[in-house]
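# Topology and contacts: notes
Given next are the chains, with one letter for each unit.
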2 protein chains.
Amino acid sequence: MEKIVIIGGVAAGAKAAAKARRLKPEADINIYTEDTHVSYSACGLPFFIEGNFNDVDMLFVRDIEEFEKENIHIHLLNRVTRILPDKKQILVLDLEKSEEFFVDYDKLVIATGARPAIPPIKNINLRNVFSLRTLEDGINIKEKVLKSKKAVIVGGGYIGIELLEAFVKQGLHVTMIEFAPHIMPIFDDDISEIIKSHILERDSENVEIINSDSVVELLGYEEVSGVKTKNGLKFDADLVIIATGVKPNVEIAVAAGIQLGETGAIKVNNKMQTNIEDIYAAGDCVEKVQLVSKTPTWIPLGSTANKEGRCAAINLCGGEDCFEGILGSAVTRYFAFTMSITGLTEKQAAKLGFDPVSVMVTKLDKVGYMPKAKNITIKLISDRKTRKLLGAQAIGAGDADKRVNTVATGLICPMTVDDFFSNDITYAPPYSPSIDPLLTAAQMMIEKLNKATS
Amino acid sequence: MEKIVIIGGVAAGAKAAAKARRLKPEADINIYTEDTHVSYSACGLPFFIEGNFNDVDMLFVRDIEEFEKENIHIHLLNRVTRILPDKKQILVLDLEKSEEFFVDYDKLVIATGARPAIPPIKNINLRNVFSLRTLEDGINIKEKVLKSKKAVIVGGGYIGIELLEAFVKQGLHVTMIEFAPHIMPIFDDDISEIIKSHILERDSENVEIINSDSVVELLGYEEVSGVKTKNGLKFDADLVIIATGVKPNVEIAVAAGIQLGETGAIKVNNKMQTNIEDIYAAGDCVEKVQLVSKTPTWIPLGSTANKEGRCAAINLCGGEDCFEGILGSAVTRYFAFTMSITGLTEKQAAKLGFDPVSVMVTKLDKVGYMPKAKNITIKLISDRKTRKLLGAQAIGAGDADKRVNTVATGLICPMTVDDFFSNDITYAPPYSPSIDPLLTAAQMMIEKLNKATS
């Protein structure tokens, strides 16, 4: 009986197991994870903390019983400490029993994910200092939030922003401290500035945002009571969140001779195969190809993890499936304010050798006489010479996120802005203005490109 | 001074005038229209009737003063009765003064739009029988609706559905009578059936839908009091709406020797030029190219009219601009239930010689634990042999409309469903499930196509 072993079971691992089961009803499928749970929506944790729902079970995509019913065996609190490719074995440490044992595999999937990248901060081990990665983190944070008045969030990326919303909604005063000159540095600076203004306008009394500074020390005894920054600022806090990004869990892969890419994540081909036969990798521990620039990138996201897990399973079961890469499409929100992105930013494009031209347009998301019309801002980026679309960012209180998806399609099959302008997209007063802001942006881009060449 | 004359001033005509003014600050620009208003959002009329807003002025895109300020002269209640291409003149009838006069032009734009296609119905001239096309129609209907209890809507297309919502919202009991076996016949039958079920489920007490029947006679004396159908049914009504489609206003064009296309609308090239020199046409009176099939089609829509008006203006001012055609993207709603479409339906595709394969998927529009998650149904259509995307329909109480726009981009630059499946679109719990219903549909399509060929 073929033995399929999967390390990790959140998104990529769980998906790979389920897909492999459908393709090979007879295989012996085992998931080993040091986590306390499998197959849950990690992306949903901020919304659980926020109080959108209070039953943590709602985060489970599938529960253990469902896996067992499909004859997929889940081994929780079982840390894989070594991979032995020559013997086709892994070494597992049972964290509860403190016992080590070997497990044979015919095909192995590494889906070890990522973990918080913790910067060097003094007293980081005080109580009520959290990162948000696992379900347990989420439960612990929520418990503390309900008893707190003041929080400090270190880091102004996706997790930081989502927790900011959650904490404000739960009535806390929050100080966000971001090392970079702008929060949400994944966006271009001009867009980041609009995001920051919106947050401070909406919640000027509860939210403080500090840029270009970093936390160097946590204050307090046993329990955290505040933070101190490099620039000498001090802020009180009942809890502190470290949301300064994540890094791929690749240590056991490296030790086994598995090659990393230039981003520091595991290098795989488009079949999710590593450099070692019969070892696949998928999800947040894996390097991806950015489809616009065809360069290596590392953006850990749940939607990508699912697709990669599926692709790995198909190939290791003898089928053929390719996962070519990502655009870097992503979306989050701060209350009703959406922030969405696809493709390259202007600054990334310039760094990668393109000659980017950008336009930015702010328009109502629907016709002005409709009661719920709200502004959105779209930034569109094209290459000067080829006129090809490179990326888009759409933010605002209006209906923004699906508009970058409309651009995304034009990025996977590369398209000029001229082609895109001929796009015939839906119009009705409750849904968009008669000329959609997207097409207004495309039109402005064409005029800008034409001016530059004439 | 160059004389630019435009016949009609709602969407295409008003846009052409405004664009021409920007390109030629010195030209003499005149709009002649038999209408009482120009430059208004005709698509907004149902929402005005519904009571989303009560100030009819909100429907104006630009008012007469704005046009006059830009030195664009608007001649309301001035019907153009003849075009004399040899003399480069038009003959105008001033409806108020009952005077006729000639006007010279150097460049002429025909933007005469469309008018309701009224089927042969006995006593059609009774009071309180309306079509909805002009601003005046909208004002008259709203006035009557506020005093009515029962309405009959003849026709179950876009206008019919939007007025159905408006009337129900204003507290009326409504009977909709549609000649075809399904309402919203622009969609595939399976989708139309879901739409009908939703409406009847939501408003079983106020709404009645009769299919495969038609109104043959209006009852009443002076004022309408009811309708009689071909199948012998009778329904009471304080007002009756005839929404059985529209036809292009092409009579004066035909009389001037301007060529029509096979759809009966004016034939133009991709510069919006008719077969007669210096005469352009744009908007609802013009035939379009369906971009997936490259065949002539006639779908009158405000968004297209705007683009065509702009294109005509650029070309007649000596610039170069092309309008290649449309996908047939459209959206409407019945209360919170969205109906959106792009490209070819399955039945159209079959008629046009494709070998269409379709899949239909019903999924939540966002992750299930988010409080506002709602179902949407996506139908995707591909060609069996080439695997190219042909069209999509998305309906439901959830966030549906922008999802067809994401497909639309893949139709203007033709793309296979395999390419589309590799699309990296945004994911976060408040916005979509980790595998978007669009990608689920694409995956099902790929499996279906593969099964068919293996």
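These notes cover the structure that comes with them.

Parameters and conventions
- Residues numbered from 1 in each chain as written.
- Chains lettered and ligands numbered in written order.
- Predicted model: local features only at pLDDT ≥ 70, side-chain atom pairs only at ≥ 80, totals over all residues.
- Heavy atoms only, no water.
- Least-squares fit on C-alpha atoms with pLDDT ≥ 70 in both.
- Contact = heavy atoms within 4.5 Å.
- Axes fitted to C-alpha atoms, helices over the stretch in contact; angles between N-to-C directions.
- Helix = DSSP H or I, 4+ residues; strand = E, 2+ residues; numbered from the N terminus.
- Left-handed = near helix turned anticlockwise from the far one by under 90°.
- Nonpolar A, V, L, I, M, F, W, Y, C, P; charged D, E, K, R; others polar.
- Pairing = 2+ DSSP bridges.
- Buried area = accessible area lost by both parts, 1.4 Å probe.
- Salt bridge = Lys/Arg side-chain N within 4 Å of Asp/Glu carboxyl O.
- Buried < 20%, exposed > 50% of the residue type's maximum accessible area, 1.4 Å probe, protein only.

This part covers the relation of the copies chain A and chain B. Relative to chain B, chain A is turned by 180° and slid 0.0 Å along the rotation axis, the superposed coordinates differing by an RMSD of 0.0 Å. Here the two chains are linked by the operation of a two-fold rotation axis. Judged by C-alpha distance, T406 of chain A is the residue of chain A that lies nearest the rotation axis, at 2.0 Å. A high fraction, 100%, of the interface residues of chain A reappear at the interface in chain B, so the copies pair face to face through one surface.

This part is about the packing of helix α1 (residues 12–23) of chain B against helix α8 (residues 302–316) of chain B. Axes are the key here: two packed helices are described by the angle between their axes and the distance separating the axes. Residues and elements named next belong to chain B. Contact pair α1 / α8: the axes reach a minimum separation of 7 Å and the direction vectors enclose 35°. Both α1 and α8 take part in a crossing whose hand is right-handed. Together, A12, K15, A16, K19, A20 and L23 of α1 and A305, N306, G309, R310, A313 and I314 of α8 make up the contact between the two elements. In terms of residue class, the contact of α1 with α8 is built from 7 nonpolar, 2 polar and 3 charged.

The strands that make up a sheet pair up through hydrogen bonds in the backbone, lying either parallel or antiparallel. Residue and element names in this part refer to chain A. Taking strand neighbours across the sheet as the criterion, the 5 strands line up as β21-β22-β25-β24-β23 in an open arrangement whose pairing is antiparallel. Bordering the open sheet on either side are β21 (330–334) and β23 (356–364), each of which pairs with just one other strand. Strand-to-strand twist across the sheet, computed as the mean angle between neighbouring axes with direction ignored, equals 10°. Across 6 bridges, the pairing between strand β22 (residues 337–343) and strand β25 (residues 389–396) is antiparallel. Looking across to β25, one finds that G343 is bridged to G391. Across the sheet, helix α10 (residues 401–412) is in contact with β21, β22, β24 (375–383) and β25; its angle to β22 comes to roughly 5°.

Okay, the interface of chain A and chain B next. Every contact between the two is made by 62 residues of chain A and, on the other side, 62 residues of chain B. Summed over both sides, the interface of chain A with chain B buries roughly 5200 Å², with 60% coming from carbon and sulfur. Joining chain A to chain B, the criterion identifies 4 salt bridges. A salt bridge links D399 of chain B to K402 of chain A; its shortest N-O distance comes to 3.2 Å.

The next subject is the sheet that holds strand β24 (residues 375–383) of chain B. All names here are of chain B. Overall, antiparallel pairing links the 5 strands, which are arranged β21-β22-β25-β24-β23 in an open sheet. Both edges of this open sheet fall to β21 (330–334) and β23 (356–364), since each of them pairs with a single strand only. Between one strand axis and the next, the sheet turns by 10° as a mean value, whatever way the strands run. Along the sheet face, helix α5 (residues 158–169) touches β21 and β22 (337–343) and points at about 25° away from the line of β21.

In this section: the pairing of strand β25 (residues 389–396) of chain B. All names here are of chain B. Burial of β25 is extensive: 8 of the 8 residues sit out of reach of the surface. Here β24 pairs with β25 via 7 bridges, running antiparallel. Within β25, the residue paired with S382 across the bridge is L389. Linking two consecutive strands that pair antiparallel, namely β24 and β25, is a turn of 5 residues; a positive phi of about 65° is found at R387 within it.

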